[in-house]
Amino acid sequence: MQLINGEAVRGRAPEKKYRARYLEVLNAAAKLFSAKGYQAATTTHIAEELGIHQASLYYYLKSKEQALEQICEIAIDGYVRFSQAIRKSRQPVTTKLRKLIFMHLITLELRPNFFKVFQENRKDLGDQARHRIGQQIRTYESNVESIIRQGIRAGALRADLNPVRATLALLALCNSVAVWWHVRSDEAIQLIAKDLADIFIKGAESGKAAAKPGV
């Protein structure tokens, strides 16, 4: 199931074909927003990138504002879903944190332009879209904070750890990778995720030999 124009689209054949093409359009838009900047890019540029007439583009996108909204919707929808699944799992909290960090960063490898546009341009969304997506961002942050609180309760993370500040620090650590990856380092995302998890967990863990799984 995928968000298309703000709605969940399921898998009948015509819808699958439309969805695949729609995602191609959004990929082209994200690439241009990332390269040219959102303010400078136009729907004409998107049509040219796709090799189609602008009139044909209107079948998928009415405006670049709609493109930005959909790019951000798809990006944050994935974060909410995987963080919720990790939060509800019965794995040890340190395992949850490692998986969360990896899943946060893998988007940068799979859809780097979506990641960059979401991080840099969500402030350019219209009021309604910014409010709606802001609520989803807060849901993601809440899921991350809940995992950290699970670790504190289980004794895996320090009892004096502030879960709100720890959440913000963890997300800032992950989001910073977009700034320096392929600029200062070309290492695989899997290795970067492992290193960041080591840095965060070693600073946050209680040091106890055993701890209960997060609940």
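Computed from a predicted structure; not experimentally measured.

(A) Quick peek at the environment of Ser63. By the element assignment, Ser63 lies in the loop between α3 (54-57) and α4 (64-88). Each C-alpha atom of the pair Ser63 and Thr43 lies 6.5 Å from the other, and the pair is 20 residues apart in sequence. Reaching out from Ser63, the side chain makes a polar contact with the side chain of Glu65 at a distance of 3.3 Å. Of the polar contacts made by the side chain of Ser63, one reaches the backbone nitrogen of Gln66; its length is 3.1 Å.

(B) Inspection of the pattern of salt bridges at higher detail. Counted by the stated rule, this structure contains 11 salt bridges. Across the pair Lys31 and Glu49 runs a salt bridge whose closest N-O atoms are separated by 3.1 Å. Taken together, the residues Lys31 in helix α1 (residues 13-36) and Glu49 in helix α2 (residues 43-50) connect sequence positions 18 residues apart. What makes Lys31 partly exposed here is its relative accessible area of 43%. Put simply, Arg149 and Glu145 hold a salt bridge, and the shortest N to O gap is 2.8 Å. One end of the pair, Arg149, and the other, Glu145, are both in helix α7 (residues 127-154), four residues apart, so they sit about a helical turn from each other. You can call Arg149 partly exposed: its relative accessible area is 37%. The network of salt bridges with shared partners includes Glu69, Glu73 and Arg132.

(C) Fine view of the packing of aromatic side chains. This structure, assessed with the given rule, holds eight aromatic pairs. With centroids separated by 4.9 Å and ring planes inclined at 80°, the aromatic side chains of Tyr59 and Tyr60 adopt a geometry described as edge-to-face. Accessibility expressed as a relative area gives 55% for Tyr59, which makes it exposed. Taken together, the ring pairs in this structure connect Tyr18, Tyr22, Tyr59 and Tyr60 into an aromatic cluster. Directly above the aromatic system of Tyr38 lies the positively charged group of Lys64, at a separation of 4.6 Å from the ring centroid. Arg111 extends its terminal NZ or CZ atom over the ring of Phe114, reaching a point 5.0 Å from the ring centre.

(D) Layout of the confidence of the model for the protein chain. Per-residue pLDDT for the protein chain averages 89, and the proportion of residues at 70 or more is 90%. For the stretch residues 4-11, pLDDT sits under 50, and the model shows 22 contacts to residues farther than four places along the chain or on other chains.

(E) Representation of helix α5 (residues 93-110). The end-to-end C-alpha separation of α5 is 26 Å, in line with the 26 Å expected for 18 residues at 1.5 Å each. Inspection of α5 places Val93, Lys96, Leu97, Leu100, Ile101, His104, Leu105, Ile106 and Leu108 among the buried residues, and these make up the whole buried set. Where α5 is buried, its residues contact α4, α6 (112-121), α7, α8 (163-175), α9 (177-180) and α10 (189-204).

(F) Structural detail: unusual backbone geometry. Its identity as a non-glycine residue notwithstanding, His182 has a phi of 70°, on the positive side. His182 gets classed as exposed once you look at its relative accessible area, which sits at 52%.

(G) Spotlight on α2. Within the span of α2, buried status applies to Thr43, Ile46, Ala47 and Leu50. Projection of α2 onto a plane perpendicular to its axis shows the buried side chains occupying an angular sector of 95°, all on one side. At the exit of α2 stands Gly51, carrying a positive phi of roughly 75°.

(H) Up close: the packing of α5 against α8. Two elements in contact, α5 and α8, have axes whose closest approach is 10 Å; the angle formed by their N-to-C orientations is 40°. Relative to α8, the element α5 lies oblique. Handedness of the crossing formed by α5 with α8: right-handed. Between α5 and α8, the contacting residues are Leu97, Leu100, Ile101, His104 and Leu105 on the first element and Leu170, Leu171, Cys174 and Asn175 on the second. Tallied by class, the residues present in the contact of α5 with α8 amount to seven nonpolar, two polar and no charged.

Rules used in this analysis
Residues numbered from 1 in each chain as written. Predicted model: local features only at pLDDT ≥ 70, side-chain atom pairs only at ≥ 80, totals over all residues. Heavy atoms only, no water. Helix = DSSP H or I, 4+ residues; strand = E, 2+ residues; numbered from the N terminus. Polar contact = N/O pair within 3.5 Å; in protein donor to acceptor, adjacent residues only side chain to side chain. Salt bridge = Lys/Arg side-chain N within 4 Å of Asp/Glu carboxyl O. Buried < 20%, exposed > 50% of the residue type's maximum accessible area, 1.4 Å probe, protein only. Phe/Tyr/Trp six-rings, centres within 6.5 Å; stacked < 30°, edge-to-face > 60°. Lys NZ or Arg CZ within 6 Å of the ring centre and 35° of its normal. pLDDT = per-residue confidence, 0-100. Contact = heavy atoms within 4.5 Å. Expected span 1.5 Å × (residues − 1). Arc of directions from axis to C-beta. Axes fitted to C-alpha atoms, helices over the stretch in contact; angles between N-to-C directions. Parallel < 35°, antiparallel > 145°, perpendicular 65-115°, else oblique. Left-handed = near helix turned anticlockwise from the far one by under 90°. Nonpolar A, V, L, I, M, F, W, Y, C, P; charged D, E, K, R; others polar.

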